[in-house]
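# Architecture and fold: a report
Next come the chains, spelled out residue by residue.
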Amino acid sequence: AYRGLRTSLLYSQISKKDKGNVILVSSPGPGEGKTTTIVNLSITYANLGLKTILLDTDLRKPVSHKVFNIEREPGITKILTGIETEYSKIIQSTDIENLNIIPSGVIPPNPSEILASSHMEDLMRQLCKDYDVILMDAPPLLAVTDAFVCMKYINQFILVIRSGVTEKSGLDRSLVQIKQTNTQLSGIVVNAINESNSYYSGYYSNYYQY
């Protein structure tokens, strides 16, 4: 499924530049699977041989470092607050070839402000020169404005919703807010579909069996 998602993104990529495709992943609310999606997506890009980096820009409840079993510090907040100037010092390697990660670092009191800072612009500019794919894990859209702040840096945006969890009103509000930012939505990932909640499951099962 995640390889299929990667292929869809590769074909729908507006800019076919060699370096620096920036992909933002968020969801309307918490617990809908955005981090699971971005972690697996980053692995599939790295498996293609593309130089890939995952940025944990969820500076309120970061979890990416736990998935990869690495320390949360040093992280991106060191760069965004000006404590560190060389971004190479905050990059951490993973067990996956071609995949690096920049964890969140210390949780700051003003995430939205530092994500909109000139330090963030400089960091994104440098990463786009050095990496083929940059993936950003952002907080839920309806909780805070952080994800919308990050949209000015991106080429593609994925919204993750969870079957049986995401409320329709929340999805509607998210889509309205996205439209107001003039950000093009690359697509929506419907997470946690199974036979009990998928209208087409029988058809697809029979088709592939055939």
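On a predicted model such as this, the values are computed, not experimentally measured, just so you know.

Our next topic: the overall build of the protein chain. Looking only at helices and strands, the protein chain features nine helices and seven strands. The C-alpha atoms of the protein chain give a radius of gyration of 17 Å, which matches the 17 Å a tight globule of 210 residues would have. Overall, the protein chain is about 55 × 35 × 35 Å in size when its C-alpha atoms are taken along their principal axes. Counting every position in the protein chain, which comprises 210 residues, the buried fraction comes to 48%. Approximately 11,100 Å² of the protein chain is accessible, and the part contributed by carbon and sulfur atoms is 50%. Positive and negative side-chain charges in the protein chain, numbering 20 and 20 respectively, have mean positions lying 4 Å apart.

On the surface, Leu175, Ile188, Val190 and Ile193 cluster together to form a nonpolar patch covering roughly 310 Å² of accessible area. Inspection of the secondary structure assignment puts Leu175 in helix α8 (residues 168-180).

The subject of this paragraph is the pairing of strand β5 (residues 133-137). Of all the five residues making up β5, five are buried; the element is thus mostly covered by neighbouring parts of the structure. On β5, burial covers both faces: Val133, Leu135 and Asp137 on one face and Ile134 and Met136 on the other are all buried. Bridge count for strand β1 (residues 21-26) against β5 is five bridges, and the pairing is parallel. By the bridge assignment for β5, Leu24 is matched with Met136.

For helix α2 (residues 34-47), which comprises 14 residues, the first-to-last C-alpha distance of 20 Å matches the rise-based estimate of 20 Å (1.5 Å per residue) to within 8%. The element α2 is largely enclosed, with a buried count of 10 among its 14 residues. For α2, the full list of buried residues reads Lys34, Thr35, Thr37, Ile38, Val39, Leu41, Ser42, Thr44, Tyr45 and Ala46. Following α2 by one or two positions, Gly49 has its phi on the positive side, about 90°.

Quick look at the nonpolar core now. Nonpolar side chains tend toward joint burial in soluble globular proteins. Counting 34 residues, the largest nonpolar core has Leu55, Met120, Met124, Leu127 and Met136 as its most contacted members. Beyond its immediate chain neighbours, meaning those up to four positions away, Met120 contacts Thr57, Ile76, Leu80, Ile114, Leu115, Met136 and Tyr153.

Turning our attention to the packing of helix α1 (residues 2-12) against α2. The geometry of a pair of packed helices is captured by two quantities: the angle between their axes and the separation between those axes. At a minimum axis separation of 9 Å, α1 and α2 run at an interaxial angle of 75°. One element, α1, and the other, α2, form an angle in the roughly perpendicular class. Together, Tyr2, Arg3, Leu5, Arg6, Leu9 and Leu10 of α1 and Thr36, Thr37, Asn40, Leu41, Thr44 and Tyr45 of α2 make up the contact between the two elements. Of the residues assigned to the contact of α1 with α2, the class counts are six nonpolar, four polar and two charged.

Within the secondary structure, Asn21 sits in strand β1. Judged by its relative accessible area of 3%, Asn21 is buried. Beyond its immediate sequence surroundings of up to four residues, Asn21 is in contact with Gln13, Asp132, Val133, Ile134, Asn155 and Gln156.

Looking now at helix α6 (residues 118-130). Under the 1.5 Å per step criterion, the end-to-end length of α6 is 19 Å for 13 residues, consistent within 8% with the ideal 18 Å. Among the residues of α6, those classed as buried are Met120, Leu123, Met124 and Leu127. Along the axis of α6, the buried positions cluster into a sector of 95°, meaning they face one direction only. Contacts made by the buried residues of α6 are with β1, β2 (52-56), α4 (76-80), β4 (99-102), α5 (111-115) and β5.

Next up on the list: the pattern of salt bridges. Following the criterion strictly, the structure yields six salt bridges and no others. Residues Asp122 and Arg125 are paired through a salt bridge, measuring 2.8 Å at the closest nitrogen-oxygen approach. Taken as a pair, Asp122 and Arg125 lie in helix α6 at a separation of three residues, close to a single helical turn. According to the relative accessible area criterion, Asp122 is partly exposed, its value standing at 34%. Between Lys168 and Asp172 there is a salt bridge, with its nearest N and O atoms 3.1 Å apart. Here the residue Lys168 and the residue Asp172 both occupy positions in helix α8, the gap between them amounting to four residues, near one helical turn. Judged by its relative accessible area of 62%, Lys168 is exposed. Here the residues in one salt-bridge network are Lys34, Asp58 and Asp137, joined through shared partners.

The rules behind each value
Per chain, residues are indexed from 1 in the order of the written sequence. Owing to the predicted nature of the model, reporting of local features is limited to residues with pLDDT of at least 70; listing and counting of side-chain atom pairs is limited to 80 or more, with chain, interface and lining totals taken over all residues. The side-chain values count all of the structure's non-hydrogen atoms but skip hydrogen atoms and water molecules. A run of DSSP states H or I qualifies as a helix once it reaches four residues; a run of E qualifies as a strand once it reaches two. Both are numbered from the N-terminal end. Radius of gyration here is computed from C-alpha atoms only, and the compact-globule reference equals 2.2 Å multiplied by the residue count raised to the power 0.38. Here's how the labels work: a residue is buried when its accessible area is under 20% of the maximum for its type, exposed when over 50%, partly exposed in between, all with a 1.4 Å probe on protein chains only. Per-residue and other accessible areas follow the Shrake-Rupley method at a 1.4 Å probe size, with only the shown protein chains counted as cover for residues. By the counting scheme adopted, Arg and Lys are positive, Glu and Asp are negative, and His together with the chain ends is not counted. In plain terms, the charge of a residue is placed at NZ if it is Lys, CZ if Arg, CG if Asp and CD if Glu. Residues qualify for a patch when their relative accessible area is over 30% and they have no salt bridge, like charges being joined within 9 Å and the nonpolar side chains of Val, Leu, Ile, Met, Phe, Trp and Tyr within 5 Å. Whenever a carboxyl oxygen of Asp or Glu lies within 4 Å of a side-chain nitrogen of Lys or Arg, that contact is scored as a salt bridge. Think of it this way: DSSP has to see at least two bridges between two strands before they count as a pair. The length a helix should cover is 1.5 Å for every residue beyond the first. Only buried Ala, Val, Leu, Ile, Met, Phe, Trp, Tyr and Cys residues count toward a nonpolar core, and they belong to the same one when joined by side-chain atoms within 4.5 Å. Residue contacts are defined here by distance: any two heavy atoms, one from each residue, within 4.5 Å place the two residues in contact. Interaxial angles span 0 to 180 degrees and are taken between N-to-C directions of axes, which are lines fitted to C-alpha atoms, for helices over the stretch in contact. Working definition: roughly parallel below 35 degrees, roughly antiparallel above 145 degrees, roughly perpendicular at 65 to 115 degrees, and oblique for all remaining angles. Under the scheme applied here, ten amino acids are nonpolar (Ala, Val, Leu, Ile, Met, Phe, Trp, Tyr, Cys and Pro), four are charged (Asp, Glu, Lys and Arg), and all others, including Gly, are polar. Picture the helix axis, draw a direction to every C-beta atom, and the arc is the one those directions span.

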